[in-house]
Amino acid sequence: MYGGYPMMGLFDPTFLLVIAGLVITGLASSYVNRTFKKYDQLKSRNGVTGTQAAQYILQNQGINDVGVQQIAGDLTDNYNSGNKLLSLSEATAQSTSVAAIGVAAHECGHAVQDAKHYIPLKLRAAIVPVANIGSTVSLPLILIGVFVGWNQTLINLGIFAFSLALLFQLVTLPVEFDASRRALSILREGNMLDQDELAAARKVLIAAALTYVAAALSTFLQLLRLVLLFGGNRRDD
Ligand SMILES: [Zn+2]
């Protein structure tokens, strides 16, 4: 039906964009794992665990409605503003390393954002359901648009739906950078880490932030590919 259709060819050059995205996210993910492992060897002089650091910071910041729990997995640490739970992975929760304390403080940074009604955090929470629907319906819309004889309206709707996933990842960036900035200043002002330990914690948090940049970049490359393949021009082969 669409004999010269580029997506069907083995040598679709836009597929290189997808490969580039996979390489970028793979590199970022291995970098954060390496950096965390490296600074997990560096035990903090104050000797508190990630869990203790989180509990201390929350109390210190006057946040009394957030629970701290331990969850399974590697670097699965997160803060959920819906149920006010700060979850730390085993490696973070039980370790006394500067890496663990840095990550725990970063999650506390999100709890502080929540307590202070930080706008980008609210915006991100509002975008989540929209972005989820967008990434679910995007490819089906594009494929239906192609197979009903290239319906550009359906195809454009699919591309727009995909762009909502990118929007979510872009809004995530200031939220993550801000949480790390708050974490480092809390650790410094509370004298929880010494100067050299703070520098190490900063490296871990920068590595973690890079994974979000990589994810956004990879999604952008996928969106670019969709636009190049399907955007605006009807192919009558
Ligand atoms: Zn975060």
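Basis of the calculations
- Residues numbered from 1 in each chain as written.
- Predicted model: local features only at pLDDT ≥ 70, side-chain atom pairs only at ≥ 80, totals over all residues.
- Heavy atoms only, no water.
- Helix = DSSP H or I, 4+ residues; strand = E, 2+ residues; numbered from the N terminus.
- Contact = heavy atoms within 4.5 Å.
- Areas by Shrake-Rupley, 256 points an atom, 1.4 Å probe, with all protein chains shown as cover.
- Axes fitted to C-alpha atoms, helices over the stretch in contact; angles between N-to-C directions.
- Left-handed = near helix turned anticlockwise from the far one by under 90°.
- Nonpolar A, V, L, I, M, F, W, Y, C, P; charged D, E, K, R; others polar.
- Buried < 20%, exposed > 50% of the residue type's maximum accessible area, 1.4 Å probe, protein only.
- Donors = N, O, S within 2.8 Å, 3.2 Å for Na, K, Ca; no water.

Q: Could you give an account of the overall build of the protein, with specific residues and numbers?
A: A count of helices and strands for the protein gives seven helices and three strands. When the helices and strands of the protein are placed in sequence order, the string is α-α-β-β-β-α-α-α-α-α. When its C-alpha atoms are laid out on the principal axes, the protein stretches across 70 × 35 × 25 Å. Pairs at least 24 apart in sequence give 75% of the contacts found in the protein among residues at least 6 apart. Summed over its atoms, the accessible surface of the protein is roughly 12,100 Å², and 63% of this surface lies on carbon and sulfur atoms.

Q: Tell me about the packing of helix H4 (residues 98-115) against helix H7 (residues 195-230), and please be specific about residues and values.
A: The N-to-C vectors of H4 and H7 enclose an angle of 60 degrees; their axes lie 8 Å apart at closest approach. Note that H4 runs across H7; the crossing there is right-handed. Counted together, Val98, Ala99, Gly102, Val103 and His106 of H4 and Glu197, Ala200, Ala201, Val204 and Leu205 of H7 form the full contact between these two elements. Of the residues contributing to the contact of H4 with H7, the split by class is seven nonpolar, two polar and one charged.

Q: I'd like a description of unusual backbone geometry, backed by residues and values.
A: Even without being a glycine, Leu75 presents a positive backbone phi close to 50 degrees. In this fold, Leu75 is placed in the loop between strand S1 (67-71) and strand S2 (78-80). Take Leu75: its relative accessible area is 33%, and that puts it in the partly exposed class. Despite not being glycine, Trp150 shows a phi value in the positive range, around 60 degrees. You can call Trp150 buried: its relative accessible area is 4%.

Q: Just give me the short version of the coordination of the zinc ion, but keep the residues and values in it.
A: Protein-derived ligands of the zinc ion are His106 (NE2), His110 (NE2) and Glu176 (OE), with the metal-ligand distances lying across 2.0 Å. Counting the intervening residues between successive donors of the zinc ion yields the motif H-x3-H-x65-E. Of this pair, His106 sits in helix H4 while Glu176 sits in helix H6 (residues 152-189), and the two are 70 residues apart along the sequence. A relative accessible area of 8% places His106 in the buried class.

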